[in-house]
Amino acid sequence: MEHPLKIYKRDQKTVKKIPRSYLKEVKTKGDPESVAAAVKSLQETGCTYFEVVDQGNQKKTTYTMGIFCKNYKVKTYKIQG
């Protein structure tokens, strides 16, 4: 059984007048082509932080917008557990 890829983007919500950050799942089909299209779309819209989680290979790739809002810093982590 193949594990689908999932994308989460950082969103903010105000709770009791205090802004809170949380990760919201982005709807995709889970295949690499649709995930690549969603990553490109998130980069074009200027999302400051999002991550792609691959449960099959146990890897998480994070995309963080740089200081000058032009480039993304990409890091890949191994998921423990």
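Owing to the predicted nature of the structure, the values given are computational and were not obtained by experimental measurement.

A. Seen up close, the nonpolar core. Judged by nonpolar contacts, the single largest core of 13 residues is most densely connected at Ile 7, Val 35, Val 39, Leu 42, Phe 50, Val 52 and Tyr 63. For this core, the element with the highest residue contribution is helix H1 (residues 32–45), accounting for 4 residues. Apart from the residues within four sequence positions on either side, Val 35 is in contact with Leu 5, Ile 7, Thr 28, Gly 30 and Val 52.

B. Structural context of the pairing of strand S2 (residues 18–26). As paired strands, strand S1 (residues 5–15) and S2 are joined by 9 bridges and run antiparallel to one another. Residue Gln 12 lies in a different strand from S2, and its bridge partner there is Ser 21. What sits between the antiparallel neighbours S1 and S2 is a turn of 2 residues, in which Lys 16 has the positive phi angle 55°.

C. Looking closely at the packing of aromatic side chains. The final tally for this structure, using the stated rule, is 2 aromatic pairs. On the basis of an interplanar angle of 10° and a centroid distance of 4.8 Å, the ring pair of Phe 50 and Tyr 63 is categorised as stacked. Of this pair, Phe 50 sits in strand S3 (residues 49–54) while Tyr 63 sits in strand S4 (residues 59–65), and the two are 13 residues apart along the sequence. Comparing Phe 50 with Tyr 63, the two get one shared label, buried. The structure contains a cluster of three or more aromatic residues connected by ring pairs, namely Phe 50, Tyr 63 and Tyr 72. The ring of Tyr 49 is capped by Arg 10, whose NZ or CZ atom sits 4.2 Å from the centre of that ring. Seen from the ring of Tyr 22, Lys 13 lies directly overhead, with NZ or CZ sitting 5.7 Å from the centre.

The rules we used
- Residue numbering note: each chain is counted from 1, following its sequence as written.
- Restriction of local features to residues with pLDDT of at least 70 applies here, the model being predicted, together with a cutoff of 80 or more for giving and counting side-chain atom pairs; totals for whole chains, interfaces and linings are based on all residues.
- The side-chain figures draw on all heavy atoms in the structure; neither hydrogens nor water molecules are used.
- Definition of nonpolar core: a set of buried residues of the types Ala, Val, Leu, Ile, Met, Phe, Trp, Tyr and Cys, connected through side-chain atoms within 4.5 Å.
- Working definition: with a 1.4 Å probe on protein chains only, accessible area under 20% of the residue-type maximum means buried, over 50% means exposed, and in between means partly exposed.
- Where helices and strands are cited, they refer to DSSP runs of H or I of at least four residues and of E of at least two residues respectively, numbered from the N terminus.
- Should any heavy atoms of two residues lie within 4.5 Å, those residues are counted as being in contact.
- One bridge is not enough; two strands pair if DSSP finds at least two bridges between them.
- Two aromatic rings, drawn from Phe, Tyr or Trp (for Trp, its six-membered ring), form a pair once their centres lie within 6.5 Å of each other, and the interplanar angle then sorts them: stacked below 30 degrees, edge-to-face above 60, tilted otherwise.
- Note on criteria: charge over ring means Lys NZ or Arg CZ within 6 Å of the ring centre, with the direction from the centre no more than 35 degrees off the ring normal.

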